[in-house]
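An overview of the molecular structure
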Amino acid sequence: MKRYRGYIPPAKLRDFYAGRLWDEARLPEGITQEEVARAKRAGYLQAHVAVDERCMRCGNTHIIAYDSYLYCRHCLTMGRLTNQTTLLTWQGQRPRFMRFSYNESSLSEAQASVSAALIASLQQKRSHLLDAVCGAGKTEMLFGAIAYALKRGLRVAVATPRADVVRELAPRLRHVFPSTCMHVLYGGVEKQAGCPQLIVATTHQLYHFYEAFDVMIVDEADAFPYTYDEALQRAVYQAKKPQAPIIFVTATPSKTLVAEARRNHYGHSSVWRRYHGFLLPEPRYSALFHYAKTLKKRLPKKLKDWTLERLKRNEPFLIFFPTKKLMHQALPYFTALDARIMSVHAEDEARAEKVQSLRDETCKGLLTTTILERGVTIKNVQVAVVGAEAAIFEASALIQISGRVGRNANYPNGDVVFFHHGITKAMDEARATIRKQNEVKQ
Amino acid sequence: MKQPITHCVLCGVALTPVRSFSRLLLRTLPDVLCATCHATFEPAASKEAIFTYNEAMQAWLNQYKILGDVLLAYSFAKELHAALAKGDIVVPIPLHPNKLAQRTFSQVALLLDCAEVPYVHYLQKVQDVTQGLRTRTERVASTNPFAVAPNADVSGKCFVVFDDIKTTGTTLQQARACLAEAGAKSVKTFTLCASEIK
Ligand SMILES: [Zn+2]
Ligand SMILES: [Zn+2]
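As a starting point, this report considers the structure included with it. (Residues numbered from 1 in each chain as written. Chains lettered and ligands numbered in written order. Predicted model: local features only at pLDDT ≥ 70, side-chain atom pairs only at ≥ 80, totals over all residues. Heavy atoms only, no water.)

1. A short note on the interface of chain B and chain A
Each partner contributes to the interface: chain B provides 15 residues, whereas chain A provides twelve residues. Interface of chain B and chain A: buried area, both sides summed, is about 1200 Å²; carbon and sulfur atoms make up 50% of it. Counting every contact that joins chain B to chain A gives two salt bridges. Between Arg 73 of chain A and Asp 69 of chain B there is a salt bridge, with the nearest N and O atoms lying 2.7 Å from each other. Here chain B is connected to chain A by nine residue pairs in polar contact (both at pLDDT 80 or more). Tallied by class, the residues present in the side of chain B that touches chain A amount to seven nonpolar, four polar and four charged. (Contact = heavy atoms within 4.5 Å. Buried area = accessible area lost by both parts, 1.4 Å probe. Salt bridge = Lys/Arg side-chain N within 4 Å of Asp/Glu carboxyl O. Polar contact = N/O pair within 3.5 Å; in protein donor to acceptor, adjacent residues only side chain to side chain. Nonpolar A, V, L, I, M, F, W, Y, C, P; charged D, E, K, R; others polar.)

Take a look at the structure:
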């Protein structure tokens, strides 16, 4: 590619566009159209047609045609791409990252050995599967590997399917790597300054990156390989450099992922104990027949008693519902018991604040959809699932939900109850898995 | 759109195909929403709209207009066809050419196209103003942004002005005034959805 002599693109262009796959029309804050055009002419930015028979961003091939337009519906929420859209990639120098500091935290013996195994895998540039029970302290085990990469000037992405988990991870990483430029990316978040060496993002945000990362960490990878959304999986592979290793982190790896790890000679670490050494709380079953019908008129007695018991003992609690509708139906009966009981769901803008208020004990308990099934840590929390037989509560979801309880060393136990209208295979599978994890000798 | 729609455009579940002969006999338009998604839209209280502007409609409008998911234009084809295909001349609220270039499609006219409702562009937009940025009083006070299209003869004709959403009613009033002043015999208004003003 020809480059004009004497033109050096402004650093802000490199900071933003390096590693990104970005719609030309969506100018980032502080960058003008002229600056982009200039860098393009000089060969520092390369233009790509976003959509032809395939979407360049998400790889979807089911393209919709109307008039003279082609557009991709699959990644629509990230901003619509058509055959008229131009995507830009950075062709200039890669940014260099020099600043590094590391607030090392103390690790248990088990955590330290996993941390060493992860670093060994990175040294060999091979991927690694880390399966560790809920509350094993997975994040702490990752710090060493992230530090290893950052220290060498490599770019690292930590991706997870849920924005709540991103919000929970971000401050911890910021504390551990205080001088690293880190961006936190999820839907609706504001633009951040500088060129990020470390990003913490929802998996969806990876659509905006192209061959950017030297190390890719996929947290909550139990849905991997994503059978239901291949595009999202492609996003993970497209956002990293072709040879960059992936660290898959999960409490409940799918059989396919385990098989894939074995076939491709990934590193593999398993942690069967929580960091504090106590066993995982086993869920118990409690029949709550026709709860959906009862909830139209009142709280079923068992559920009411359970809630009153929590309030009496002043224990924070989460009650999971299969649908938003059922939850909203139930809410008034709960607030009648205590006005400080609230509800959250996926579209709730005050979700983060409500979870925080549960931690601060200004909120007594939260009714929630599956949105809070993972990533959320609340001291001494007690958990109930209403309608545990519902299809949305897959075994992995129920394991995650059970994993909310007893994470704190001072409160290693707690109640997990599955209120149900019939026992499903998923419920049995979840309980059996937890029992099996508890039986494994260290 | 060139592709047949086999899955719900909102949630992606497979749609039960309508047998082709009954489609031919009854001349029905295809369903593109599953029953569950369709049930999230509430019928309007007023006779001049099909739906109320509820949470589901807000999300739908956002996906259709703001995100530009053109495929959604088929969502309410049956209802629009039943309400508008016969009767007065349908006049869609026009989009300013600048806005059209930016959006790449005319969201109001496309709803009618998909519903197989004939219409005529008797109106054109001469002022490019974005409603959202202004207060209600300002909107009411501002001058009429519409004009009758050049060479259009509206005198003595009966019209129904169609828009996707009615919030304050100002847009529809201005369009109606514009046609009435040019000599229309009657001007009714109709929208896909209307918000209940409290
Ligand atoms: Zn796409
Ligand atoms: Zn649907």
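Now that the structure is up, let's keep going.
2. Quick look at the coordination of the zinc ion (ligand 1)
Residue and element names in this part refer to chain A. Distances from the zinc ion (ligand 1) to its protein donors, Cys 55 (SG), Cys 58 (SG), Cys 72 (SG) and Cys 75 (SG), fall within 2.3 to 2.4 Å. Coordination at the zinc ion (ligand 1) is tetrahedral: its four donor atoms span angles of 100 to 113° at the metal. The sequence pattern describing where the donors of the zinc ion (ligand 1) fall on their chain is C-x2-C-x13-C-x2-C. With relative accessibility at 1%, the residue Cys 75 sits in the buried group. (Donors = N, O, S within 2.8 Å, 3.2 Å for Na, K, Ca; no water. Tetrahedral: all angles 85-135°; square planar, octahedral: opposite > 155°, others 65-115°. Buried < 20%, exposed > 50% of the residue type's maximum accessible area, 1.4 Å probe, protein only.)

3. Points about unusual backbone geometry
Its identity as a non-glycine residue notwithstanding, Lys 125 of chain A has a phi of 55°, on the positive side. In this structure, Lys 125 of chain A sits in the loop between helix H3 (109-123) and strand S6 (128-132). By relative accessible area, which is 60% here, Lys 125 of chain A ends up exposed. Positive phi, close to 55°, is recorded for Glu 116 of chain B, a residue that is not glycine. Inspection of the secondary structure puts Glu 116 of chain B in the loop between helix H6 (107-114) and strand S3 (123-125). For Glu 116 of chain B, a relative accessible area of 45% translates into the label partly exposed. (Helix = DSSP H or I, 4+ residues; strand = E, 2+ residues; numbered from the N terminus.)

4. Thoughts on the packing of helix H5 (residues 163-176) of chain A against helix H11 (residues 351-359) of chain A
Residue and element names in this part refer to chain A. Axis separation between H5 and H11 bottoms out at 11 Å; the angle between their running directions is 60°. Compared by their axis directions, H5 and H11 come out oblique. Handedness of the H5/H11 crossing: right-handed. Every residue of H11 that contacts H5 at Ala 163, Asp 164, Arg 167 and Glu 168 is listed here: Arg 351, Ala 352 and Arg 359. (Axes fitted to C-alpha atoms, helices over the stretch in contact; angles between N-to-C directions. Parallel < 35°, antiparallel > 145°, perpendicular 65-115°, else oblique. Left-handed = near helix turned anticlockwise from the far one by under 90°.)

5. Some details on the nonpolar core
Counting residues in hydrophobic clusters, the biggest one holds 42 residues, and the most contacted among them are Met 57, Trp 60, Leu 80, Leu 84, Phe 162 and Leu 192 of chain B. Sorting the residues of this core by element identifies strand S3 (63-66) and strand S4 (69-72) of chain A together with strand S1 (49-52), helix H3 (55-66), helix H4 (77-84), H6, strand S5 (158-166) and strand S6 (186-194) of chain B as the ones contributing at least two each. Not counting the four nearest positions on each side in its chain, Leu 84 of chain B is found in contact with Val 90, Leu 112, Val 117, Val 160, Phe 162 and Phe 190 of chain B. (Core = buried A, V, L, I, M, F, W, Y, C linked by side-chain atoms within 4.5 Å.)

6. As for the pairing of S6 of chain B
All names here are of chain B. Burial of S6 is extensive: seven of the nine residues sit out of reach of the surface. For S1 and S6, the ladder comprises three bridges, and the chain directions are parallel. Bridged to Thr 52 within S6 is Ala 194. Pairing geometry for S5 and S6, over eight bridges, is parallel. (Pairing = 2+ DSSP bridges.)

7. Observations regarding the sheet that holds S6 of chain A
Residues and elements named next belong to chain A. An order of S8-S9-S7-S10-S11-S6-S12 is seen for the seven strands of this open sheet, with the pairing classed as parallel. Of all the strands in the sheet, just strand S8 (182-185) and strand S12 (267-271) have a single pairing partner and so form its edges. Across the sheet, the mean angle separating the axes of adjacent strands is 10° when strand polarity is ignored. Taken strand by strand, H5 contacts strand S7 (156-160), S8 and strand S9 (198-202), and its axis lies near 165° from that of S8.

8. Overview of the coordination of the zinc ion (ligand 2)
All names here are of chain B. Around the zinc ion (ligand 2), the protein supplies Cys 8 (SG), Cys 11 (SG), Cys 34 (SG) and Cys 37 (SG) as donor atoms, at distances of 2.2 to 2.3 Å. If you look at the zinc ion (ligand 2), its four donor atoms make angles of 104 to 116° with each other, and the shape they trace is tetrahedral. Written as a sequence motif, the donor residues of the zinc ion (ligand 2) are C-x2-C-x22-C-x2-C. In this pair, Cys 11 is assigned in the segment before helix H1 (20-26) and Cys 34 in the loop between H1 and helix H2 (35-38), connecting sequence segments 23 residues apart.

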